[in-house]
Amino acid sequence: EVSEVTEAPAAKSVVGIIYPPPEVRNIVDKTANFVARNGPEFEVRIRHNEQSNPKFNFLTAGDPYHAYYQHKVKEIREGRGGPEPTLASTPKPGFAGKQAAAPAPIVETVAPKEPPPEWEFTANPPSISAQDLDIVRLTAQFVARNGRQFLTNLAAKEQFNYQFDFLRPQHSLFHYFTKLVEQYTKILLGPQDVVDKLKTDVGKNTPVLDRVQKRVDWLKYQERQQKQREEALDRERMAFASIDWHDFVVVETITFTDEEQNDLPPPLTVEQLGSRVLAEQRAKKMREEGISEVEMEVEADKGEAMEEEEEEEEDQGDAMDMDEDE
């Protein structure tokens, strides 16, 4: 039996539009959403406030992502704003009607508790010739084996030899040479635990791979934290740009004399004023959310006060009855 399968039309990207990478597309989509809701005046304010920010270059007509930004604003205004199709989400011809593969489970990585240790046996070689690099390394090995007295005698003997100028503290290669001496000393004359650790790393790859994995997890964690901080700054910047600075009413005009101006605080900058407005909006929202709890607490306090008044009245009545009996 031959069964006919109706293939669903594959989502197609708009021709003639350059789609930005994911990190840039996120900013473009958020900005397009705000502009579609608040009008072109909001776009003018963002372009003025972020004119020195390269993340908002898509607002200029000559940017390659400007066409995508305009297309996104138009879609959101028409109610068709949604995630753009990607290569991973576009179905392939011939596979329509088949059961879609189950999405891969999302594994939440645990944040590392502490950073990995510093590199102990790593020193980036400088940009010098191979012969000069061999001289620096061999000299570091001899100094690590024979001690500081050998270094002093060698520096005095080769003080006029330009190939040993790295022995001077003011030379640019002195730091690299000192680092090599410390590393060679740990290997040649180091404590037994360091030697045992190095022998274990040579014989087995598992400890080395575990340390590499921990270092990779730490670097990824740092990247995620940096990305979250940048996104928080972008949200704060967008919220700051959404404030209509022309929507105000003059309540009263206060005139200060020359004598009073000396005691006044310095004027606020635009950034400080915007941060204060956003803080007041957040505090107002928190007060509105917590107003029901405050009302319940007030009612509970009123009930307790009424009970205390009734008990006081009963005590006074009992005292009057005792006075009458006497």
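Everything below is about the structure printed above this text.
As the structure is a prediction and not an experimental result, all values here were calculated from the model. (Residues numbered from 1 in each chain as written. Predicted model: local features only at pLDDT ≥ 70, side-chain atom pairs only at ≥ 80, totals over all residues. Heavy atoms only, no water.)

Draft legend 1. Molecular detail of the packing of helix α4 (residues 130-146) against helix α5 (residues 148-157). For the pair α4 and α5, the least separation of the axes is 6 Å and the interaxial angle reads 135°. On the basis of their axis angle, the class for α4 and α5 is oblique. Facing Thr 139, Phe 142, Val 143 and Asn 146 of α4, the residues of α5 in contact are Arg 148, Phe 150, Leu 151 and Leu 154. Split into classes, the residues belonging to the contact of α4 with α5 amount to five nonpolar, two polar and one charged. (Axes fitted to C-alpha atoms, helices over the stretch in contact; angles between N-to-C directions. Helix = DSSP H or I, 4+ residues; strand = E, 2+ residues; numbered from the N terminus. Parallel < 35°, antiparallel > 145°, perpendicular 65-115°, else oblique. Contact = heavy atoms within 4.5 Å. Nonpolar A, V, L, I, M, F, W, Y, C, P; charged D, E, K, R; others polar.)

Draft legend 2. Local environment of a nonpolar patch on the surface. A cluster of nonpolar residues, Ile 187, Leu 188 and Leu 189, forms a patch on the protein surface that exposes about 250 Å² of accessible area. Here Leu 188 lies in helix α6 (residues 174-188). On the accessibility criterion, Leu 188 (36% relative accessible area) is partly exposed. (Patch = residues over 30% accessible without salt bridge, like charges linked within 9 Å, V, L, I, M, F, W, Y side chains within 5 Å. Areas by Shrake-Rupley, 256 points an atom, 1.4 Å probe, with all protein chains shown as cover. Salt bridge = Lys/Arg side-chain N within 4 Å of Asp/Glu carboxyl O. Buried < 20%, exposed > 50% of the residue type's maximum accessible area, 1.4 Å probe, protein only.)

Draft legend 3. The arrangement of the side chain of Glu 43 in detail. Relative to the elements of secondary structure, Glu 43 occurs in helix α2 (residues 40-49). Residue class for Glu 43 comes out buried when judged on its relative accessible area of 14%. If sequence neighbours within four positions are ignored, Glu 43 has contacts with Val 35, Leu 59 and Tyr 69.

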